[in-house]
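Listed below are the residues making up each chain.
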Amino acid sequence: MHKYHKKSRILNKRVALLITMIIAAVYLVGIFIWGCCIGEDSYAVNFGNKFLPPSAEHWFGTDNLGRDMFFRSIKGLSLSMVIGVISVAISSVIAIVMGILSAVFGGWVDKVVNWAVDLCMGLPHLVLLILISFMLGKGVFGITIAAAVTHWPSMTRMIRQEVLQVRNSQYVQAAYKMGRSRWQVAIKHIIPHILPVYFIGVTLLFPHCIMHESAVTFLGFGLPREMPAIGVILAEAMTHIVTGKWWLAVFPGIMLLIAVIFFDLIGEGLKNLLNPHTGNE
Amino acid sequence: MQLTGKDICFRYKTKSPWILKDVSLSIESGERVGVVGPSGYGKSTLARILSGYEKPVSGEVKLDGKDLPGKGYCPVQLIYQHPELSVNPRLKMGDILHEAWTPDKELLDRMGIEKKWFTRWPTELSGGELQRFCIARVLAPQTRFLICDEITTMLDAITQAQIWHLLLEECEKRNLGMMIITHNKSLAERVCTRVIELPELNNVERADV
Amino acid sequence: MELLNIKELLVAFSMYKKGFRKYELEVIHQLSLNVNSGEIVAVVGSSGSGKSILAEAVLGLLPKNSHMHGEITYKGQKVDKKSIRKYMGTDIAYIPQSIDHLDPIMKVGKQVMGVHGSKERQRKLFKQYGLPEDTEKKYPFQCSGGMARRVLVTSALMGKPDLIIADEPTPGLDLKMALEALKDFRELADAGTGILLITHDIDLALGVADRIAVFYAGSVLEVAPVEDFVKHKDRLRHPYSQALINALPQNNFEPIRGTQPYAGDLFSGCLFAPRCHMRDDKCACDVPMMDVRGGKVRCVHAADG
């Protein structure tokens, strides 16, 4: 009678999702660590090897100074990730503090936070980034702070919404009436509700930060030219691309794109796996 | 003990229409007061006010002449209509049950709660089973009054009868006072010692919806 | 004339338990039911027991992760997810459970007219259901809950349907108001429409239906004329129906032990057996739907009692 009951398959969508997430994580962590280990001699200047097209020896070819583009790209991407980690850490802390404050206190605190969020979201992102980075003297410090203080608004909104929702839920209200203190309710009900949202938000912020850092650097307001950053590489490639040196732009660009897509994939995957309501695909 | 509401008026915002106006009632320990009336007459709002979830705009709720405590375990407890909304979906049933106190085995047996349910998630229990947990978790020794807001409306007749039988037995034993909100008049006649028609008590003038 | 016939319907959802194991959750199984023209058939079961899934299955509205077996015929024609579409909105009307089914950014007049309707009929229906004339120019959020529900009902009646499937059309209304609201259903049925009414409120079903189908743990255990539930309770065929009626506050208010089995751990044979006072070895076998005393029942002991 119940022949369709409890038939389980090993390879279902969730397992597939987990596998792709692991692949993505390995790619990202691999590049990060590898980039940290690469010494400067791997992409040292060598005028004997100028403008070599991709080959077995130089996978991504070489540039006008004969530097190996593969190692430069890895190093650049890894540098972007370091900046990403720091700026995301700062922004997510700003977001969680502002989000919780505005949801818990309401009233004028809520108004001020919402106003700040709207203001920050209303201004063109890139312009704001360039301005802040420029004011702080560009370089790693400037771009990190600029990325950190421009990426909190969307996450603040998300956290505020979640806190409001869980605070108004019947089970939290009932817990207060059953004599639980604010502190106990926060630990037992509110934080477990917010944490998944927070982690997903953080993972989804990464690609934003990395893209923006590269864009600002590309425009010349971020990392200095002597650093092997993706933005710098792409900017340099622009001057040579007309002469047919396509590999200078294509490979680093693709590396950046893959990194961004993988971050997005991990974030969306987490969202799917952690949300209790997606139990049926 | 006596739970009284005096001249309770309520509306959500200034200028929004009144939901309750000058409602007064009192419930003694051991008494089971049914509040019946069509939907939209503020039955649930009254329940939330009497159990301290909502503050009335004017008027007062007193327990033996004193205000309800703002902190700590409230001696007036509310049981909701939708048990699935009043439990945290991220907690297992055991944690949900022990939110405020640890019921002994005897009580659990009387409530028909099985130990093996403790390790289940709320979605793995039926509405009737969940509602038993919601009742047991507010039957701590400090509880004096229970406010039941349509607690069996969403359940089938057999589960409804089961739940009321065990709830009535428990209340009689401990001399609890109850306010029972329902739209089912035959149910109110079955379980209450006194029945109030809320439309007669509530002085709100309303355009028929 | 027989409008709708559901034979041995099975609906299962594939779900994830904790972690990564997928399994099939059988929400409806062995469900047989028919609706004739001119009658109201009420499906009565507790909330969350999968009654709404029944409506969605018939109308082909089930989500992607579900599958369905069994046979559904409309006016003798076999229908499936696709072929039911040509009847929708004209022959078959659906009154959903929630007023969220209204399009929030379309004026209600236009929504009620739909694809096949006319302005005159819409005005006539609005008048008949006591909706003020300016309602047609309002958006759903401007209507009160009660008005929005009536809008849903009028939109179902737009195409003069032969079959109406109504899923909890009167939530939150007390019995008197709900019966009042369903008076029009009675009139429609008397004029020849067949109505499948899905509700958790047994009093409502007793007040308005011609036949009642008792829904338990994903299946229909008994279909019987309403008189059997009100006047001739001894004629009821299934021990569950008897227990259900006996537990009503206006009757004996006496419960039996046990709970409905959870859809995740069903067993074979009669699903009511563990709670039944007539249980014996025969109950563990597959129980077919049988005709007993002018009703249908799925119980091996029905004929001897």
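Higher on the page you've got the structure.
All values reported here derive from a predicted model rather than from experimental measurement.

**Q** Quick one: what's the story with the overall build of chain C, residue by residue and with numbers?
**A** When helices and strands are tallied, chain C shows nine helices and twelve strands. In terms of overall size, chain C behaves like a compact globule, its C-alpha atoms giving a radius of gyration of 20 Å where 305 residues would be expected to give roughly 19 Å. Considering only C-alpha atoms, chain C reaches an extent of 65 × 50 × 35 Å along its principal axes. Relative to its full complement of 305 residues, chain C shows a buried share of 55%. Restricting to contacts in chain C with at least 6 residues of sequence separation, those with at least 24 account for 64%. Element-wise, carbon and sulfur atoms account for 53% of the exposed surface of chain C, whose accessible area totals about 13400 Å².

**Q** Just give me the short version of the sheet that holds strand β4 (residues 58-63) of chain B, but keep the residues and values in it.
**A** Residue and element names in this part refer to chain B. The four strands lie next to each other as β2-β1-β4-β5, forming an open sheet whose pairing is antiparallel. This sheet does not close on itself; its edge strands, each paired only once, are β2 (20-28) and β5 (66-67). Relative to β2, strand β1 (residues 2-10) runs antiparallel, the two sharing six bridges. Residue pairing across strands places Q2 opposite E28, the latter belonging to β2.

**Q** How would you explain the packing of helix α4 (residues 125-135) of chain A against helix α8 (residues 182-218) of chain A if you had to name every residue and give the values?
**A** All names here are of chain A. Taken N-terminus to C-terminus, the directions of α4 and α8 make an angle of 65°; their axes are 10 Å apart at the nearest point. In the packing of α4 onto α8, the handedness of the crossing is right-handed. On the side of α4, the interface is formed by H125, L126, L129, I130 and S133, while α8 contributes H212, A215 and V216. Of the residues that constitute the contact of α4 with α8, the class distribution is five nonpolar, three polar and no charged.

**Q** A description of the packing of aromatic side chains should follow, citing residues and the corresponding values.
**A** Under the definition given, this model contains 21 aromatic pairs over all chains. A ring pair is formed by Y27(A) and F262(A), whose centres lie 5.2 Å apart and whose planes are at 90°; its orientation type is edge-to-face. With Y27(A) in helix α1 (residues 13-37) and F262(A) in helix α10 (residues 247-274), this residue pair connects regions lying 235 residues apart in the sequence. Their ring planes at 50° and their centres at 4.4 Å tell us that Y216(C) and Y240(C) sit as a pair that is tilted. Placement of Y216(C) in strand β9 (residues 211-216) and of Y240(C) in helix α9 (residues 239-246) is noted, with a sequence separation of 24 residues between them. The pair formed by Y216(C) and Y240(C) is uniform in burial state, with each residue classed as buried. Through pairs of rings, three or more aromatic residues link up here, namely W34(A), W59(A), F60(A), F70(A), F71(A), W246(A), W247(A) and F251(A). Over the ring of Y53(B) we find K177(A), and its NZ or CZ is 5.9 Å from the ring centre.

**Q** Give a detailed account of helix α4 (residues 127-137) of chain B, specifying residues and quantitative values.
**A** The element α4(B) is extensively covered by neighbouring structure, given that ten of its eleven residues are classed as buried. Considered for burial, the residues of α4(B) that qualify are G128(B), E129(B), L130(B), Q131(B), R132(B), F133(B), C134(B), I135(B), A136(B) and R137(B). In the core, the buried residues of α4(B) are packed alongside α7 (170-177) of chain A together with β6 (76-79), α2 (93-97), α3 (105-111) and α5 (157-174) of chain B.

**Q** Before we move on, could you go through the environment of Y171(A) and cite the residues and values that matter?
**A** Here Y171(A) shows up in helix α7. For Y171(A), a relative accessible area of 9% puts it in the buried group. Remark: the alpha-carbon pair of Y171(A) and F32(A), spanning 139 residues in sequence, is separated by 43 Å. Those residues in contact with Y171(A), other than ones at most four positions away along the chain, are V166(A), H189(A), H193(A), L85(B), S86(B), V87(B), N88(B) and P89(B).

**Q** Report on the sheet that holds β6(B), specifying residues and quantitative values.
**A** Hydrogen bonds between backbone atoms are what pair the strands of a sheet, whose relative direction is either parallel or antiparallel. Residues and elements named next belong to chain B. The strand order β6-β7-β8-β3-β9 describes an open sheet built from five strands, whose pairing is parallel. Edge strands, defined here as strands with exactly one partner in the open sheet, are β6 and β9 (194-197). Pairwise comparison of adjacent strand axes, ignoring direction, gives a mean angle of 20° for this sheet. Relative to strand β7 (residues 145-149), β6 runs parallel, the two sharing four bridges. Note that in β7 the partner of Q77 across the bridge is L146.

**Q** So what's going on with the interface of chain C and chain B? Residues and values would help.
**A** Listed per partner, the contact involves 34 residues of chain C and 26 residues of chain B. In this assembly, chain C packs against chain B so that about 2400 Å² is buried in total across both faces, 58% of it on carbon and sulfur atoms. Our enumeration of links across chain C and chain B arrives at zero salt bridges. In this structure, the connection of chain C to chain B is made through seven residue pairs in polar contact (both at pLDDT 80 or more). Counting only elements with at least two residues in the side of chain C that touches chain B, the list comes to α5 (175-181) and α9 of chain C.

**Q** A description of the pairing of strand β10 (residues 219-225) of chain C should follow, citing residues and the corresponding values.
**A** Residue and element names in this part refer to chain C. Counted residue by residue, β10 has seven buried out of seven residues, so it is predominantly covered. Here β9 runs beside β10; their pairing, made up of six bridges, is antiparallel. Among the inter-strand pairings, V214 is bridged to a residue of β10, identified as E222. Taking the residues between adjacent antiparallel strands as the criterion, β9 and β10 are bridged by two residues, where A217 takes a positive phi near 50°. Pairing of β10 with strand β12 (residues 295-297), which is carried by two bridges, proceeds in the antiparallel orientation. Residue V223 lies in a different strand from β12, and its bridge partner there is K296.

**Q** Mind laying out empty space enclosed by the protein, listing which residues take part and the relevant values?
**A** Residue and element names in this part refer to chain C. Using the criterion set out here, one finds five cavities of 30 Å³ or more in the structure. The space that makes up the largest cavity amounts to roughly 100 Å³. Lining of the largest cavity is provided by twelve residues; of these, Q30, G269, C270, L271 and R298 occupy positions nearest its centre. When its residues are assigned to classes, the lining of the largest cavity shows six nonpolar, four polar and two charged.

Thresholds applied
Residues numbered from 1 in each chain as written. Chains lettered and ligands numbered in written order. Predicted model: local features only at pLDDT ≥ 70, side-chain atom pairs only at ≥ 80, totals over all residues. Heavy atoms only, no water. Helix = DSSP H or I, 4+ residues; strand = E, 2+ residues; numbered from the N terminus. Rg over C-alpha atoms; globule rule 2.2 N^0.38 Å. Buried < 20%, exposed > 50% of the residue type's maximum accessible area, 1.4 Å probe, protein only. Contact = heavy atoms within 4.5 Å. Areas by Shrake-Rupley, 256 points an atom, 1.4 Å probe, with all protein chains shown as cover. Pairing = 2+ DSSP bridges. Axes fitted to C-alpha atoms, helices over the stretch in contact; angles between N-to-C directions. Left-handed = near helix turned anticlockwise from the far one by under 90°. Nonpolar A, V, L, I, M, F, W, Y, C, P; charged D, E, K, R; others polar. Phe/Tyr/Trp six-rings, centres within 6.5 Å; stacked < 30°, edge-to-face > 60°. Lys NZ or Arg CZ within 6 Å of the ring centre and 35° of its normal. Buried area = accessible area lost by both parts, 1.4 Å probe. Salt bridge = Lys/Arg side-chain N within 4 Å of Asp/Glu carboxyl O. Polar contact = N/O pair within 3.5 Å; in protein donor to acceptor, adjacent residues only side chain to side chain. 1 Å grid on protein atoms, 1.4 Å probe; cavity = no way out; pocket = protein on both sides within 12 Å on 5 of 7 lines; lining within 4 Å. Points joined across faces, edges and corners; volume = space filled by probe spheres on them.

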